[in-house]
2 protein chains.
Amino acid sequence: MRGLGDGLMQKPLTVAEQVANVLRESIAEGSLAAGTPLRQDDLAERFGFSRMPVRDALRQLEGEGIVSIHPTEGARVARMDAAEIREIFAVRALLEGEALRLSVPKLGNEELDEAGYVLNQIDAEPNVGRWGSLNRAFHLALYSACGSARLLGLIEAHHNAADRNVRVLLSNVNYRSRSQAEHRDLLTTCRHRDAEAAVRVLRKHLSDRMETLAKAGDGLAGKS
Amino acid sequence: MRGLGDGLMQKPLTVAEQVANVLRESIAEGSLAAGTPLRQDDLAERFGFSRMPVRDALRQLEGEGIVSIHPTEGARVARMDAAEIREIFAVRALLEGEALRLSVPKLGNEELDEAGYVLNQIDAEPNVGRWGSLNRAFHLALYSACGSARLLGLIEAHHNAADRNVRVLLSNVNYRSRSQAEHRDLLTTCRHRDAEAAVRVLRKHLSDRMETLAKAGDGLAGKS
DNA sequence: CCTGGGATACTCGTATACGAGAATCCACAT
DNA sequence: ATGTGGATTCTCGTATACGAGTATCCCAGG
């Protein structure tokens, strides 16, 4: 859970955080496959910094569940099998369902329009790499009125954790169009301020996407 | 969320983790009040180590939401007002409710007996400081069969985050006896393998404890 | 040819050292 | 007396250096 309450606080961007961001993106993008050893020396040399910021970044990513660290053994990109993907999506369904339930009654047109704008951006975005963060932005916009920064932080962390698994399927046009259709359904339901219906749509959306992921992505996450 | 899946993995205990444990315990115990600045130099000197392990420990605790770090400003014990306490308990109710629902059907007598044993330990434990970890052990024992290491990790993290707020009320005999009574109710329901009833008991337990905490602990967490 | 032991190399954890930025405090001028 | 400016101090972030543990690889012996 990275920075439970960030988003508003103006922190001087430190090198360690930049490294963490790049690593997170590289892992999400897929250029760093699951199980890849992350040597501190190598990374330090690649980035042109010393090992200290790299250490901090790895610690941070460990907290997000993206890498796993063993003191003597070093850090590796966290493995993620089908069971793990199901776990993440189950937690997401739980957290996001609750966040949506709390948020919908308090949603203003401002947030709804923002969500709709993001949806259009997704349709117009040719670069697959940016789809993950846009997807996250859409969901968080709908939850933003839930009133619990902690809940939002957990949700964001789990989006990050699952990002790399989502992206591998984005080249599949079917996945993208179905996902977008479900997104628009969800937004419409939210516009009607029907919280329970929205939660049902969301849970089905997550459940369907998860099944697709777990089936298709079973082997590609890499095995030991 | 510290070590999503620890508990079984045998890691060489590093100095940084020891420091983190001591700090976590000190914060939970209350000797480090909310808002207290945590100077790296001071802590390093107190523990007899250099600043590096302290830095790592602080990073880790930040990930757990126990301390907040600002790059130039340093680290402080995270503030926690009544609203934050309610957030934590709301998340706990959500996570633990689901974990219990998943776990109850698969619970063996082994885990149930373990939970009962822990309850007796709580009654027999004179040292208030150990009540927090025993309480956590009881709850986790009931959830242990849920099948999701991720869920258990999140639950553990939120127990740690709320620990210090729980402990301040333990000197109150009423709180302790009522909590124990609710615990025994919960255990009995679990023994009957009635998942939905167990979830209802748990949610009421958490809700009641939260209300007591939020009311009583409103001012004692310290203000700026 | 296979196995066991020892030395080497590698990686992490920790310590020390240096530079930058911010907050504080004091002096001076108005 | 009060406000402003500058210098000092304090703290963190980052770099470099050292020590310990572990895995690996090669060579000798069976």
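Residues numbered from 1 in each chain as written. Chains lettered and ligands numbered in written order. Predicted model: local features only at pLDDT ≥ 70, side-chain atom pairs only at ≥ 80, totals over all residues. Heavy atoms only, no water.

Colleague: When you look at the protein's contact with DNA strand C in this model, what are you seeing that I'm missing?
Modeller: Of all residues adjacent to DNA strand C, which total 15 residues, the nearest are A:Arg55, A:Pro71, B:Thr14, B:Val15 and B:Ser50. Within 4 Å of the protein, atoms of DNA strand C come from sugar and phosphate in 66% of cases. Contacts to DNA strand C include A:Arg51, whose side-chain N or O atom sits 2.8 Å from a base nitrogen. For the surface near DNA strand C, the secondary-structure elements that each account for two or more residues are helix 3 (51–63) of chain A together with helix 1 (15–29) and helix 3 (51–63) of chain B. Of the residues forming the surface near DNA strand C, the biggest block, 3 residues, is contributed by helix 3 of chain A. Each residue belonging to the surface near DNA strand C can be placed in one class, and the counts come to 8 nonpolar, 4 polar and 3 charged. (Near = heavy atom within 4 Å. Polar contact = N/O pair within 3.5 Å; in protein donor to acceptor, adjacent residues only side chain to side chain. Helix = DSSP H or I, 4+ residues; strand = E, 2+ residues; numbered from the N terminus. Nonpolar A, V, L, I, M, F, W, Y, C, P; charged D, E, K, R; others polar.)

Colleague: Honestly, the protein's contact with DNA strand D in this entry has me stumped. Any pointers?
Modeller: In the vicinity of DNA strand D, 16 residues are found, and the nearest of them are A:Val15, A:Ser50, B:Arg51, B:Arg55 and B:Pro71. Among the atoms of DNA strand D lying within 4 Å of the protein, the sugar-phosphate backbone contributes 67%. A:Val15 places a polar main-chain atom, nitrogen or oxygen, 2.6 Å from a phosphate oxygen of DNA strand D. Side-chain polar atom of B:Arg55 to a phosphate oxygen of DNA strand D: 2.7 Å apart, as the coordinates give it.

Colleague: Explain the packing of aromatic side chains here, please?
Modeller: Here a ring pair, both rings aromatic, is described through the centre-centre distance and the interplanar angle of the planes. Tallying each qualifying case throughout the model produces 0 aromatic pairs over all chains. Between A:Arg92 and the ring centre of A:Phe89, over which it is positioned, the NZ or CZ distance is 5.1 Å. (Phe/Tyr/Trp six-rings, centres within 6.5 Å; stacked < 30°, edge-to-face > 60°. Lys NZ or Arg CZ within 6 Å of the ring centre and 35° of its normal.)

Colleague: Just checking my understanding: could you explain the interface of chain A and chain B for this structure?
Modeller: How large an interface is tends to be reported as the accessible area lost when its parts come together. If you look at the interface, chain A gives 36 residues, while chain B gives 35 residues. When chain A packs against chain B, the two sides together hide about 2900 Å² of surface, and 57% of this comes from carbon and sulfur. A salt bridge links B:Arg59 to A:Asp56, with the nearest nitrogen and oxygen atoms 3.7 Å apart. Inspection of the chain A/chain B interface yields 10 residue pairs in polar contact (both at pLDDT 80 or more). Listing elements by their share of the side of chain A that touches chain B, those giving two or more residues are helix 1 (15–29), helix 3, strand 2 (67–70), helix 4 (82–103) and helix 7 (149–167) of chain A. Grouping the amino acids of the side of chain A that touches chain B by side-chain chemistry returns 16 nonpolar, 9 polar and 11 charged. (Contact = heavy atoms within 4.5 Å. Buried area = accessible area lost by both parts, 1.4 Å probe. Salt bridge = Lys/Arg side-chain N within 4 Å of Asp/Glu carboxyl O.)

Colleague: What should I look at first to understand the packing of helix 5 (residues 109–124) of chain B against helix 6 (residues 131–143) of chain B in this one?
Modeller: Between two packed helices, both the angle of their axes relative to each other and the distance between the axes serve to describe the pair. Residues and elements named next belong to chain B. Packing of helix 5 against helix 6 brings their axes to within 8 Å, and their N-to-C directions diverge by 160°. One way to sum up the angle between helix 5 and helix 6 is to call them roughly antiparallel. Judged by the twist between their axes, the crossing of helix 5 over helix 6 is left-handed. Residue-level contacts link Glu111, Leu112, Glu114, Ala115, Val118, Leu119, Gln121 and Ile122 of helix 5 to Trp131, Leu134, Asn135, Ala137, Phe138, Ala141 and Leu142 of helix 6. When the residues that make up the contact of helix 5 with helix 6 are grouped by side-chain class, the tally is 11 nonpolar, 2 polar and 2 charged. (Axes fitted to C-alpha atoms, helices over the stretch in contact; angles between N-to-C directions. Parallel < 35°, antiparallel > 145°, perpendicular 65-115°, else oblique. Left-handed = near helix turned anticlockwise from the far one by under 90°.)

Colleague: What am I meant to see in helix 7 of chain A here?
Modeller: Along an α-helix, residues three or four apart share an orientation, since each turn contains 3.6 residues. All names here are of chain A. Taking 1.5 Å of rise per residue, 19 residues should cover 27 Å, and helix 7 covers 26 Å from first to last C-alpha, within 8% of that figure. At Ala161, helix 7 shows its strongest bend, of approximately 40°. Of all 19 residues in helix 7, 17 are buried; the element is thus mostly enclosed. (Expected span 1.5 Å × (residues − 1). Bend = angle between axes of the 7 residues up to and from the residue. Buried < 20%, exposed > 50% of the residue type's maximum accessible area, 1.4 Å probe, protein only.)

Colleague: So what exactly am I meant to see when it comes to helix 6 of chain B here?
Modeller: Residue and element names in this part refer to chain B. Relative to the 18 Å expected for 13 residues at 1.5 Å per residue, helix 6 spans 19 Å between its end C-alpha atoms, a close match to the ideal helical length. With 11 of 13 residues buried, helix 6 is to be regarded as a mostly interior element. Three or more residues of helix 6 are buried, namely Trp131, Gly132, Leu134, Asn135, Arg136, Phe138, His139, Leu140, Ala141, Leu142 and Tyr143. Against the buried residues of helix 6 lie helix 4 (82–103), helix 5, helix 7 (149–167), helix 8 (173–191) and helix 9 (195–216).

Colleague: In this structure, what is going on with the pattern of salt bridges? I would like to understand it.
Modeller: Pairing of side chains with opposite charge becomes possible as their charged atoms draw close. Across all of its chains, the model carries 28 salt bridges over all chains by this definition. We note a salt bridge from A:Asp41 to A:Arg51, for which the minimum N-O separation is 3.7 Å. Of this pair, A:Asp41 sits in helix 2 (residues 40–47) while A:Arg51 sits in helix 3, placing them 10 residues apart in sequence. Between A:Arg150 and B:Glu84 there is a salt bridge, and its shortest N-O distance comes to 2.9 Å. Here B:Glu84 lies in helix 4 and A:Arg150 lies in helix 7, a pairing that spans two chains. The exposure class of A:Arg150 is buried, given its relative accessible area of 2%.

Colleague: Is there a simple way to think about the sheet that holds strand 2 (residues 67–70) of chain B in this case?
Modeller: Strand pairing in a sheet is mediated by backbone hydrogen bonds. Such pairs are either parallel or antiparallel. Residue and element names in this part refer to chain B. Within the open sheet, the 3 strands sit side by side as 1-3-2. Their pairing is antiparallel. Unpaired on one side and paired on the other, strand 1 (37–38) and strand 2 mark the two borders of the sheet. Two elements, strand 2 and strand 3 (residues 74–77), share 4 bridges in a ladder whose sense is antiparallel. In the sheet register, Val67 faces strand 3, and the bridge partner there is Val77. On the sheet, helix 3 packs against strand 1, strand 2 and strand 3 and is oriented at approximately 115° with respect to strand 2. (Pairing = 2+ DSSP bridges.)

Colleague: Sorry, what's going on with unusual backbone geometry here?
Modeller: Only a minority of non-glycine residues have a phi that is not negative, and only a minority of peptide bonds are not trans. Residue and element names in this part refer to chain A. Here the phi dihedral of Arg193 falls at roughly 60°; this positive angle occurs in a residue that is not glycine. With respect to the helices, strands and loops of the structure, Arg193 is situated in the loop between helix 8 (173–191) and helix 9 (195–216). Exposure remark for Arg193: the relative accessible area of 35% places this residue in the partly exposed category.

Colleague: I'm lost on the packing of helix 7 of chain A against helix 4 of chain B in this one. Help?
Modeller: Between helix 7 of chain A and helix 4 of chain B, the shortest axis-to-axis distance is 8 Å and the interhelical angle comes to 45°. Here helix 7 of chain A lies oblique to helix 4 of chain B, going by the angle between them. On the side of helix 7 of chain A, the interface is formed by A:Ala149, A:Arg150, A:Leu151 and A:Leu154, while helix 4 of chain B contributes B:Glu84, B:Glu87, B:Ile88 and B:Val91. Residues belonging to the contact of helix 7 of chain A with helix 4 of chain B are distributed by class as follows: 5 nonpolar, no polar and 3 charged.

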